[in-house]
Amino acid sequence: DTGVSQNPRHKITKRGQNVTFRCDPISEHNRLYWYRQTLGQGPEFLTYFQNEAQLEKSRLLSDRFSAERPKGSFSTLEIQRTEQGDSAMYLCASSDSPGGVNTEAFFGQGTRLTVV
Amino acid sequence: TQLLEQSPQFLSIQEGENLTVYCNSSSVFSSLQWYRQEPGEGPVLLVTVVTGGEVKKLKRLTFQFGDARKDSSLHITAAQPGDTGLYLCAGGYRDDYKLSFGAGTTVTVRA
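In this report, the structure presented in the accompanying data block is examined. This structure is a prediction, so every number in the text was calculated from the model and none was measured.

### Quick look at the state of the cysteines
Summed over the entire model, instances satisfying the criterion amount to 2 disulfides over all chains. A disulfide bridge connects Cys23(A) with Cys92(A), and the sulfur atoms are separated by 1.9 Å. Of note, the bridge from Cys23(A) to Cys92(A) carries an S-S torsion of about -70° and is left-handed in sense. Of the two residues, Cys23(A) is situated in strand 3 (residues 19–24) and Cys92(A) in strand 9 (residues 88–95); the sequence distance between them amounts to 69 residues. The exposure class of Cys23(A) is buried, given its relative accessible area of 0%. Residue Cys92(A) is classed as buried on the basis of its relative accessible area, which comes to 0%. Paired through a disulfide, Cys23(B) and Cys89(B) show a sulfur-sulfur distance of 2.0 Å. An S-S torsion of about 80° defines the bridge between Cys23(B) and Cys89(B) as right-handed. A residue pair is termed long-range when its members are at least 10 positions apart, and Cys23(B) in strand 3 (residues 19–24) and Cys89(B) in strand 9 (residues 85–93) qualify at 66 residues. You'll find Cys23(B) and Cys89(B) in the same group, each marked buried.

Conventions used here
- Residues numbered from 1 in each chain as written.
- Chains lettered and ligands numbered in written order.
- Predicted model: local features only at pLDDT ≥ 70, side-chain atom pairs only at ≥ 80, totals over all residues.
- Heavy atoms only, no water.
- Disulfide = S-S within 2.5 Å.
- Helix = DSSP H or I, 4+ residues; strand = E, 2+ residues; numbered from the N terminus.
- Buried < 20%, exposed > 50% of the residue type's maximum accessible area, 1.4 Å probe, protein only.

Taken by themselves, the reported measurements are silent on function.
Structure below.
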């Protein structure tokens, strides 16, 4: 296992179409995060899973967005009826549960979404 | 709105020069991470600091966490073109596992 894997790396879609992204975390990590990054900004938190439970969702995650992690392993992020404002880099990250204050996360290479 | 403010936004220097980038917040963090990101790639974790006043060194990179755990700095000695990238700081809170990122400092090291 070499790290967090995301696919596809790039996705171009027409406005109004649905898209789905996949993330495979580091195998022993039970926490999985989705972030979104737009040009000139740092990543912004979207949602977080501990095992298969989705424990937190940002207000950035509108009703058109849904994320799942059905068996506590890989996760999918679906965007329905895409809009041009959804164009961004979607980043997945994972971490283990060391306890204490350490919240460091390891990121995948991201999926670049372009909505035309 | 980014909770963490990074400065400068852009930095361009000649190979061999030193540079410092800053990360400031009005919030107290339990931990702070520094990442480097290259175009089209995800952020790569460089270091985590958790103790106020802590200094960590990673080869030519020196990271410092402020005494009050509200700010941090990254100093690069004798910069090389391979240091080029977007440097991001991210703060974490105890029992809140998400990270809050700054907007980043884009560093360009010219050969």
